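Okay, here's what each chain looks like letter by letter:
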Amino acid sequence: MPLVTSAEMFAKAYDGGYAIGAFNVNNMEIIQGIVEAGRENNAPLILQVSKGARAYANPIYLKKLVEAAVEDSGLPICLHLDHGDSFETCKSCVDGGFTSVMIDASGKPFEENIAITQEVVKYAHDHGVVVEAELGTLAGIEDEVSHAEGSYTRPEDVQEFVERTGCDSLAIAIGTSHGAYKFKPEQCTRDENGILQPPPLRFDILEDVAKRLPGFPIVLHGSSSVPQEFVKIINTYGGAMPDAVGVPEDQLRKAASMAVCKINIDSDIRLAMTATIRKYFAEHPADFDPRQYLKPARAAVKAMVAHKLVNVLGCNGKA
Ligand code: G3H
Ligand code: 13P
Ligand code: ZN
């Protein structure tokens, strides 16, 4: 099976009350860990490439690695551009064989966001490629936007945006944010055991958006859960990550059962790899062959992704 778009994946996910995992890829071990988890759980996958990943790994290498994953696994896999920042970046990915692109003009005024998204949709659709767009702004370490009310997606805008742009899916802001430091202690409450509890996602906005766009696939960015066991391992073995938590998995599961068809996870992959490698180095100080520490790091990615596929996304068995 060749690379596929996300169209059929999303249609089935919407009807089935689950979501597809969109995992960021930067190198061979990450791709192998994700795809091995997908294969063992018979799950469709979206592998997404950011501008930073393109700069780090070279788009040709990433494309060829993903093609190898498709050939080796036989799974339906969609290759997606994450946070495309311009028509030119999106065009380059369409021309390079991606099956899905995101144009993220969410930081621009509404009319400008519509205009640039329209341009990308026209080019992408002419080449059989689907387009994700975004309305609303996520908080997070990348842009340092705060959780002000104004950054949430305004449900009253979504219908006009989707109709005028013709985009195939829409990322919305309901309180998730990018990175491993999503919710700092001052943004949280504590439960009776002293565990940090982040502010709940705005399910009222998601419900309102879903009512206005029946059957239309919604995307959540910034959906890592920042597993505290990884942060603890990192800090035990020489790291210095400050106290922060991510999006609770039960809330993501709930979103996946609603209109959310794509859930983006990157930071949790980084945490799983780094925790494993830091521990490995501490326990094997004489080792120096990269295969020795990348092998358990790849296995940690696989275990973490398998957990997400089964317990959070619910897309196991849906390939
Ligand atoms: O949303 C951003 C993704 O986590 C990609 O991050 O730009 O550091 O590759 P990156
Ligand atoms: P996280 O930083 O929460 O993993 O989000 C990743 C993401 O949204 C990629 O687009
Ligand atoms: Zn994102």
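The preceding data block contains the structure.
Just so it is clear, the structure is predicted and the values come from calculations on it, not from any experiment. (Residues numbered from 1 in each chain as written. Chains lettered and ligands numbered in written order. Predicted model: local features only at pLDDT ≥ 70, side-chain atom pairs only at ≥ 80, totals over all residues. Heavy atoms only, no water.)

Caption draft 1: Representation of the coordination of the zinc ion (ligand 3) in the model. In the first shell of the zinc ion (ligand 3), the protein supplies H83 (NE2), H178 (NE2) and H221 (ND1), at 2.0 to 2.1 Å from the metal. Here the donor residues for the zinc ion (ligand 3) map to a single chain with the spacing H-x94-H-x42-H. One end of the pair, H83, is in strand β3 (residues 77–84); the other, H178, is in strand β8 (residues 177–178), and 95 residues separate them in sequence. Of the residues examined, H178 reaches a relative accessible area of 17% and is grouped as buried. (Donors = N, O, S within 2.8 Å, 3.2 Å for Na, K, Ca; no water. Helix = DSSP H or I, 4+ residues; strand = E, 2+ residues; numbered from the N terminus. Buried < 20%, exposed > 50% of the residue type's maximum accessible area, 1.4 Å probe, protein only.)

Caption draft 2: Representation of the site of ligand 2 in the model. Taken together, 16 residues lie near ligand 2, and D82, K182, S224, D266 and S267 sit nearest. Between an oxygen atom of ligand 2 and a main-chain N or O atom of G179, the distance comes to 2.8 Å. Side-chain polar atom of N264 to an oxygen atom of ligand 2: 3.1 Å apart, as the coordinates give it. For ligand 2, whose accessible area on its own is 300 Å², the fraction buried by protein is 96%. Where the shell around ligand 2 is concerned, the elements lending two or more residues are β3, β8 and β12 (260–265). (Near = heavy atom within 4 Å. Polar contact = N/O pair within 3.5 Å; in protein donor to acceptor, adjacent residues only side chain to side chain. Areas by Shrake-Rupley, 256 points an atom, 1.4 Å probe, with all protein chains shown as cover.)

Caption draft 3: Here's a closer look at helix α10 (residues 249–257). For α10, the set of buried residues is Q251, L252, A255 and A256. Projection of α10 onto a plane perpendicular to its axis shows the buried side chains occupying an angular sector of 140°, all on one side. The elements touched by buried residues of α10 are α8 (203–212), β11 (218–220), β12 and α12 (290–313). (Arc of directions from axis to C-beta. Contact = heavy atoms within 4.5 Å.)

Caption draft 4: Structural context of the site of ligand 1. In the region of ligand 1, the neighbouring residues are N24, S50, D82, H83, H178, D266 and R270. Within the side chain of S50, one N or O atom sits 2.6 Å away from an oxygen atom of ligand 1. H83 places a side-chain nitrogen or oxygen 3.2 Å from an oxygen atom of ligand 1. Considered on its own, ligand 1 offers 310 Å² of accessible surface; in the complex 73% of this is hidden by protein. Broken down by class, the residue content of the shell around ligand 1 amounts to no nonpolar, four polar and three charged. (Nonpolar A, V, L, I, M, F, W, Y, C, P; charged D, E, K, R; others polar.)

Caption draft 5: Structural view of the packing of aromatic side chains. Following the criterion strictly, the structure yields three aromatic pairs and no others. When the centroid spacing of 6.2 Å and the interplanar angle of 50° are considered together, the rings of F110 and F161 count as tilted. A residue pair is termed long-range when its members are at least 10 positions apart, and F110 in helix α6 (residues 110–126) and F161 in helix α7 (residues 155–165) qualify at 51 residues. Exposure remark for F110: the relative accessible area of 23% places this residue in the partly exposed category. Residue F161 is classed as buried on the basis of its relative accessible area, which comes to 0%. The side chain of R202 reaches across the aromatic face of Y152, ending 5.0 Å from its centre. One residue, K254, lies across the ring of F203, its end atom 4.1 Å from the ring centre. (Phe/Tyr/Trp six-rings, centres within 6.5 Å; stacked < 30°, edge-to-face > 60°. Lys NZ or Arg CZ within 6 Å of the ring centre and 35° of its normal.)

Caption draft 6: Highlighting the pairing of β12. In terms of residue burial, β12 counts as a mostly covered element, since six of its six residues are buried. Pairing between strand β1 (residues 20–24) and β12: four bridges, direction parallel. Directly across from A22, in β12, lies its bridge partner N264. Sheet analysis places β11 next to β12, joined by three bridges and oriented parallel. Residue pairing across strands places I218 opposite V260, the latter belonging to β12. (Pairing = 2+ DSSP bridges.)

Caption draft 7: Representation of the pattern of salt bridges. Taken as a whole and assessed by the stated rule, the structure comprises 22 salt bridges. The salt bridge partner of K262 is E132, with a shortest N-O separation of 2.7 Å. Of this pair, K262 sits in strand β12 while E132 sits in strand β5 (residues 130–135), and the two are 130 residues apart along the sequence. For K262, a relative accessible area of 2% puts it in the buried group. Assessed through its relative accessible area of 1%, E132 is described here as buried. Residue D157 pairs with R154 through a salt bridge whose shortest N-O separation is 2.8 Å. Owing to a relative accessible area of 46%, R154 belongs among the partly exposed residues under this scheme. In this structure, a network of salt bridges that share partners links the residues E36, R39 and D72. (Salt bridge = Lys/Arg side-chain N within 4 Å of Asp/Glu carboxyl O.)

Caption draft 8: Layout of the nonpolar core. F23, I34, I77, V101, L170, I218 and L309 are the most contacted members of the largest nonpolar core, which totals 104 residues. For this core, the element with the most residues is α12, which contributes ten residues. (Core = buried A, V, L, I, M, F, W, Y, C linked by side-chain atoms within 4.5 Å.)

Caption draft 9: Structural detail: the sheet that holds strand β2 (residues 45–49). Ordered in space as β1-β2-β3-β4-β5-β7-β11-β12, the eight strands form a closed barrel in which the pairing is parallel. Geometrically, the sheet is characterised by an average inter-axis angle of 25° between neighbouring strands, direction not taken into account. Where α6 meets the sheet, its contacts fall on β4 (100–103) and β5, and the angle it forms with β5 comes to roughly 170°. (Axes fitted to C-alpha atoms, helices over the stretch in contact; angles between N-to-C directions.)

Keep in mind that these numbers describe shape and distance, not what the molecule does.
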